[in-house]
2 protein chains.
Amino acid sequence: MDAVRVCWLEEGLVSETEARVSALDRGFLYGDGLFETLRTYGGRPFLLAEHWARLRTSAEFLGIEVPAVEPETLVTRLVEANRLPNAAVRITLTRGPLPKGPRPGTPATPTLFAQARPLPSDLDQRTAQGIDACRLPWPLRARGLPLQGHKTLAYLPSVVALGAVPEGAEPLLETTEGHVSEGATSNVFWVRVGRLFTPHTDAGCLPGVARRLVLSLAEELGVSAEPGLYPTADLAAADEAFVTSSVVEALPLVRLDGEPIGAGAPGPVTRRLHAAYREAVRRATGSP
Amino acid sequence: MDAVRVCWLEEGLVSETEARVSALDRGFLYGDGLFETLRTYGGRPFLLAEHWARLRTSAEFLGIEVPAVEPETLVTRLVEANRLPNAAVRITLTRGPLPKGPRPGTPATPTLFAQARPLPSDLDQRTAQGIDACRLPWPLRARGLPLQGHKTLAYLPSVVALGAVPEGAEPLLETTEGHVSEGATSNVFWVRVGRLFTPHTDAGCLPGVARRLVLSLAEELGVSAEPGLYPTADLAAADEAFVTSSVVEALPLVRLDGEPIGAGAPGPVTRRLHAAYREAVRRATGSP
């Protein structure tokens, strides 16, 4: 049994079981909103400024007003109230309720909703052993659709992808042209002969906050990183591979559709990058 | 001032101002749901069986259970309670609330929500005079993405499209390859030298219920219809054009980006098809 959790709705904390939004909320009716998921370490959020900046940029593109809340206060109070110093925090912002059709013209009062969740209990084990990646029977991304670059509530492709693979595996979203784009809830990287590869945002992936950190850490470590348009076969032929997100940090992929990637175990470049990621966490949060 | 409206939520009628859903509803958090919009004439729904069948097919694809409600009862009670015999009715079905992440595996209790709205007060005038179509600065559809064939809550492309054009104009969604796909809330047709053209569903358009009716009416009238992949330039060079939806029926397009389509006025094939549509409505509903 989970304890009753507390979430942030509009301007303060409420019990999750009581957190209700108008059925006219455009987030509910049209997927008209955005979200960010980030992690706290010892009660302190990591890369919150970067997540909030991405939210603001996308909100400006969509014409959604960002409430004048102090995001650090929101996140800190949320994880304290839930006694979850090490949490995954999701912040949702929608255009809010409007009585009329899909046109976004009329100003609405945006809805802000945030939740804290414990980290997956098996995350350390998964990070140590690596996980499976799976292809899907259909493409869920395409080149050249600018909306794909925003983390919107129109998240159904990832839902469908996760429903199509065994629990615990990360589905790989491909473009209609057969390029690997991203994981359902992550960005994808792989290593071949010491070089690091990852899909370019042109392949329809999200410009992940953890992805950007890993790219900059790779640069500091002298690992040349090459964003591009790559067929999924390149990932299958890699020496090692991993996915990144603010929740999983850098999580090794050790099999693709049941076949080993490289040696079928977490690789040395993945380990070095994850260690550097953890060091960046320590510098920023003092934890763990 | 609008009167207080009544909507259907879960198993019965409630005031819209009191209609609230859990903030954990997957429709709100992930766009994980579907909707249908249809019209009633003199209190009787038109093509409800077709809309409900599309909803069921998509719900099966997504693994969402369809509640055992009688859709005709729902719609009839809803428009009666609102004293809106001639209404646009939207039925929304989501996977329902779940406490955990985006994976759809755990069974949830689906959320059913339906609203009735008056028809746009200027619809007759717009139908008589025709409306403007507008291109957009970005593509919002792509070939070969099967999720585009379902009417899901991930409706943000249409929201963004409507926000980018003057009120009253219908934005044209194009594929990344420059094919015309559909309107933001409609399917698109045009006529050239007596032949009828419309985007194939491969162009990423929704298989509209009104679209299918118009295609079958065209066949009855001996107008040859050719679904295909067409550049938007073909529409610009047409003799006449129109959009279809269950709300607007067949609504003439008379300008594209300010330039007249054909004579810049509703065309004769559009008129014949709209008259046939109205005749189908009369046969089915006895109205108007």
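This structure is a prediction, so every number in the text was calculated from the model and none was measured.

A. The overall build of chain A, seen in detail. Assigned secondary structure in chain A consists of eight helices and 16 strands. Its C-alpha atoms give chain A a radius of gyration of 19 Å, within 12% of the compact-globule value 19 Å for 288 residues. Relative to its full complement of 288 residues, chain A shows a buried share of 58%. Counted over contacts in chain A with a minimum sequence separation of 6, partners at least 24 positions apart contribute 70%. Carbon and sulfur atoms provide 51% of the accessible area of chain A, an area that totals close to 11500 Å². Side chains of chain A carry 29 positive and 33 negative charges; the gap between the two charge centres is 1 Å.

B. How the structure looks around the domain arrangement of chain A. Residues and elements named next belong to chain A. Assigned domains within chain A: domain 1 (6-119) and domain 2 (124-285). For domain 1 versus domain 2, the separation of C-alpha centres amounts to 25 Å. Listed as interface residues are 26 residues of domain 1 and, on the opposing side, 22 residues of domain 2. Interface area for domain 1 against domain 2, summed over the two sides, is near 2000 Å², with a carbon-plus-sulfur share of 68%. Counting across the interface, domain 1 meets domain 2 through one salt bridge. Of the charged contacts in the structure, one is a salt bridge between Glu249 and Arg39, with a shortest N-O distance of 3.5 Å. Put simply, domain 1 and domain 2 have eight residue pairs in polar contact (both at pLDDT 80 or more) between them.

C. Representation of helix α5 (residues 156-163) of chain B within the structure. Buried residues dominate α5 of chain B, accounting for seven of its eight residues. Those residues of α5 of chain B not exposed but buried are Leu156, Pro157, Ser158, Val159, Val160, Ala161 and Leu162 of chain B. Taken together, the buried residues of α5 of chain B touch α1 (26-30), β4 (33-41) and α2 (48-62) of chain A together with β9 (170-174) of chain B.

D. The arrangement of helix α3 (residues 71-81) of chain A in detail. All names here are of chain A. Listed as buried for α3 are Pro71, Leu74, Val75, Leu78 and Val79. Buried residues of α3 fall within an arc of 115° about the axis and therefore sit on the same side. In the stretch just after α3, Arg83 is the one whose phi turns positive, near 50°.

E. Spatial organisation of the interface of chain B and chain A. Listed as interface residues are 55 residues of chain B and, on the opposing side, 55 residues of chain A. When the buried surface of chain B facing chain A is broken down by residue, Phe28, Arg103 and Leu156 of chain B rank first, second and third, together holding 16% of it. Scanning the region where chain B abuts chain A turns up two salt bridges. The salt bridge partner of Glu167 of chain A is Arg103 of chain B, with a shortest N-O separation of 3.7 Å. Contributing elements (two or more residues each) for the side of chain B that touches chain A: β3 (20-22), α1 (26-30), α2 (48-62), β6 (87-94), β7 (111-118) and α5 of chain B. Per-element tally for the side of chain B that touches chain A: the top contributor is α5 of chain B, with six residues. Of the residues in the side of chain B that touches chain A, the class split is 30 nonpolar, 13 polar and 12 charged.

F. The sheet that holds strand β6 (residues 87-94) of chain A, seen in detail. All names here are of chain A. Taken in spatial order, the six strands line up as β2-β1-β7-β6-β4-β5 in an open sheet, and their pairing is antiparallel. Looking at the sheet topology across the chains shown, the edges are occupied by β2 (12-15) and β5 (44-45). Relative to β5, β4 runs antiparallel, the two being bridged by two bridges. Looking at the pairing, Thr40 lines up with Pro45 of β5.

G. Examining the sheet that holds β7 of chain B more closely. All names here are of chain B. The six strands lie next to each other as β2-β1-β7-β6-β4-β5, forming an open sheet whose pairing is antiparallel. The open sheet terminates on both sides in strands that have one partner only, identified here as β2 (12-15) and β5 (44-46). On average, adjacent strands in this sheet sit at an angle of 30° to one another, irrespective of strand direction. With eight bridges connecting them, β6 and β7 associate as antiparallel partners. For Leu93, the partnering residue across the bridge sits in β7 and is Leu112.

H. Structural detail: the packing of helix α6 (residues 209-220) of chain A against helix α8 (residues 268-285) of chain A. Residue and element names in this part refer to chain A. Two elements in contact, α6 and α8, have axes whose closest approach is 10 Å; the angle formed by their N-to-C orientations is 110°. As summarised for this structure, α6 and α8 are arranged roughly perpendicular, according to the angle between their axes. Along its contact with α6, which presents Ala210, Leu213, Val214, Leu217 and Ala218, the element α8 presents Leu273, Ala276 and Tyr277. Split by residue class, the contact of α6 with α8 holds eight nonpolar, no polar and no charged.

I. Summary view of the nonpolar core. Core analysis: the biggest nonpolar cluster contains 96 residues, and Val89, Ile91 and Phe113 of chain A together with Val89, Ile91 and Phe113 of chain B have the highest contact counts within it. Among all residues touching Val89 of chain B, those that are not within four sequence positions of it are Glu36, Thr37, Leu38, Thr40, Val75, Leu78, Val79, Gln115 and Ala116 of chain B.

Calculation rules
- Residues numbered from 1 in each chain as written.
- Chains lettered and ligands numbered in written order.
- Predicted model: local features only at pLDDT ≥ 70, side-chain atom pairs only at ≥ 80, totals over all residues.
- Heavy atoms only, no water.
- Helix = DSSP H or I, 4+ residues; strand = E, 2+ residues; numbered from the N terminus.
- Rg over C-alpha atoms; globule rule 2.2 N^0.38 Å.
- Buried < 20%, exposed > 50% of the residue type's maximum accessible area, 1.4 Å probe, protein only.
- Contact = heavy atoms within 4.5 Å.
- Areas by Shrake-Rupley, 256 points an atom, 1.4 Å probe, with all protein chains shown as cover.
- Lys, Arg positive; Asp, Glu negative; His and termini not counted.
- Charge placed at Lys NZ, Arg CZ, Asp CG, Glu CD.
- Domains from an automatic or database assignment.
- Buried area = accessible area lost by both parts, 1.4 Å probe.
- Salt bridge = Lys/Arg side-chain N within 4 Å of Asp/Glu carboxyl O.
- Polar contact = N/O pair within 3.5 Å; in protein donor to acceptor, adjacent residues only side chain to side chain.
- Arc of directions from axis to C-beta.
- Nonpolar A, V, L, I, M, F, W, Y, C, P; charged D, E, K, R; others polar.
- Pairing = 2+ DSSP bridges.
- Axes fitted to C-alpha atoms, helices over the stretch in contact; angles between N-to-C directions.
- Parallel < 35°, antiparallel > 145°, perpendicular 65-115°, else oblique.
- Core = buried A, V, L, I, M, F, W, Y, C linked by side-chain atoms within 4.5 Å.

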